[in-house]
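Coordinate inspection notes
Residue strings, one per chain:
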Amino acid sequence: SKCTPCSAGKYAASERAIECVSADPGCFVAEESASKEEPCPAGSHASGSGNSECTLCESGKYAASTKSPECTRAKHGHFVAEPGATSQKKCEVGRYAPGEGSSSCTDANAGFFVADEAAKKQEPCSPGSYSATAASTCELCEAGTYNKKSGEASCTSCPAGSSSEAGSTRCSECERGTAKPAGPG
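Residues numbered from 1 in each chain as written. Predicted model: local features only at pLDDT ≥ 70, side-chain atom pairs only at ≥ 80, totals over all residues. Heavy atoms only, no water.

Across its full length, the protein chain carries zero helices and 20 strands. Relative to a compact globule of 185 residues, whose C-alpha radius of gyration would be 16 Å, the protein chain shows 30 Å and is clearly more extended. Expressed as a percentage of the 185 residues in the protein chain, the buried residues total 31%. Contacts in the protein chain between residues at least 24 apart in sequence constitute 34% of all its contacts with a sequence separation of at least 6. Of the roughly 11100 Å² of accessible surface on the protein chain, 47% is carried by carbon and sulfur atoms. If you average the places of the 18 positive and of the 23 negative side-chain charges in the protein chain, the two averages end up 4 Å apart. (Helix = DSSP H or I, 4+ residues; strand = E, 2+ residues; numbered from the N terminus. Rg over C-alpha atoms; globule rule 2.2 N^0.38 Å. Buried < 20%, exposed > 50% of the residue type's maximum accessible area, 1.4 Å probe, protein only. Contact = heavy atoms within 4.5 Å. Areas by Shrake-Rupley, 256 points an atom, 1.4 Å probe, with all protein chains shown as cover. Lys, Arg positive; Asp, Glu negative; His and termini not counted. Charge placed at Lys NZ, Arg CZ, Asp CG, Glu CD.)

Below, the structure is given as structure tokens:
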């Protein structure tokens, strides 16, 4: 019988080979009659053996080195936006990624904040403070306004005849001999 070419995904490294060998996980053999396997480039993988090509890592995953049998999921607080990535990126302040394998980070909700990079959760603003979306800090309620609960997106104006200091959780009635119209100030 005659010698037959190795099919794609297999190779014969030496002369007088008895059989073709399947490419190892993380490697591929694209052509017939190959004498060696090639490593998958960073950003791609080849699961199992006998691969004729490598597959790009999907969004949310990456492969930092060549010859990867599997892609790595982005860690909590990190993301991978594009397929074929070789690294993960940290979420910026004001944003977070609660789970693994995120393709983007989530903006902190109004009334919440994210102070650090690579955060996996948002924190509520304390009573007497507020925030807009994607905030890295909370702002104190200005004088003449208040809020009672944590996680508030805004402050409420004190009613006429009462006032508050900045960062207040309640309004105080004006004492006899003093007055104040409704609103901040």
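Moving on from the coordinates now.
Considering all chains together, one arrives at six salt bridges under this definition. Residue R73 is joined to E100 by a salt bridge in which the shortest nitrogen-to-oxygen separation is 3.1 Å. Remark: E100 occurs in the loop between β11 (95–96) and β12 (106–107) and R73 occurs in strand β8 (residues 72–73); sequence separation between them is 27 residues. The exposure class assigned to R73 is partly exposed, which follows from its relative accessible area of 45%. Overall, E100 belongs to the partly exposed group, its relative accessible area being 43%. In this structure, K121 and E123 form a salt bridge, with 3.4 Å as the shortest nitrogen-oxygen distance. (Salt bridge = Lys/Arg side-chain N within 4 Å of Asp/Glu carboxyl O.)

Turning our attention to the nonpolar core. Nonpolar side chains in soluble globular proteins tend to be buried together. In terms of nonpolar packing, the biggest core is built from five residues, these being Y11, A23, C27, V29 and A34. Those residues in contact with A34 that lie beyond four places of it in its chain are K10, Y11, A12 and V29. (Core = buried A, V, L, I, M, F, W, Y, C linked by side-chain atoms within 4.5 Å.)

The next point concerns the state of the cysteines. Tallying each qualifying case throughout the model produces seven disulfides. Shown here is the disulfide that connects C40 with C54, its sulfur atoms set 2.0 Å apart. The sign of the -90 degrees torsion about the S-S bond sets the C40-C54 disulfide as left-handed. With C40 in the loop between β4 (38–39) and β5 (44–45) and C54 in the loop between β5 and β6 (55–56), the pair connects residues that are 14 residues apart, well separated along the chain. A relative accessible area of 21% means that C54 is categorised as partly exposed. Through a disulfide, C91 is tied to C105; the S-S separation comes to 2.0 Å. Disulfide C91-C105: torsion about the S-S bond near -85 degrees, hence left-handed. One end of the pair, C91, is in the loop between β10 (89–90) and β11; the other, C105, is in the loop between β11 and β12, and 14 residues separate them in sequence. Take C27: it sits in no disulfide, and the sulfur closest to it among the cysteines is that of C40, at 6.5 Å. (Disulfide = S-S within 2.5 Å.)

Another point: the environment of T4. Position of T4 among the secondary structure elements: in the segment before β1 (10–11). In this structure, the C-alpha to C-alpha distance between T4 and C20, residues 16 residues apart in sequence, is 9.4 Å.

This part covers the environment of E173. Within the secondary structure, E173 sits in strand β20 (residues 172–173). Spatially, the C-alpha atom of E173 lies 60 Å from that of E58, the residues being 115 residues apart in sequence.

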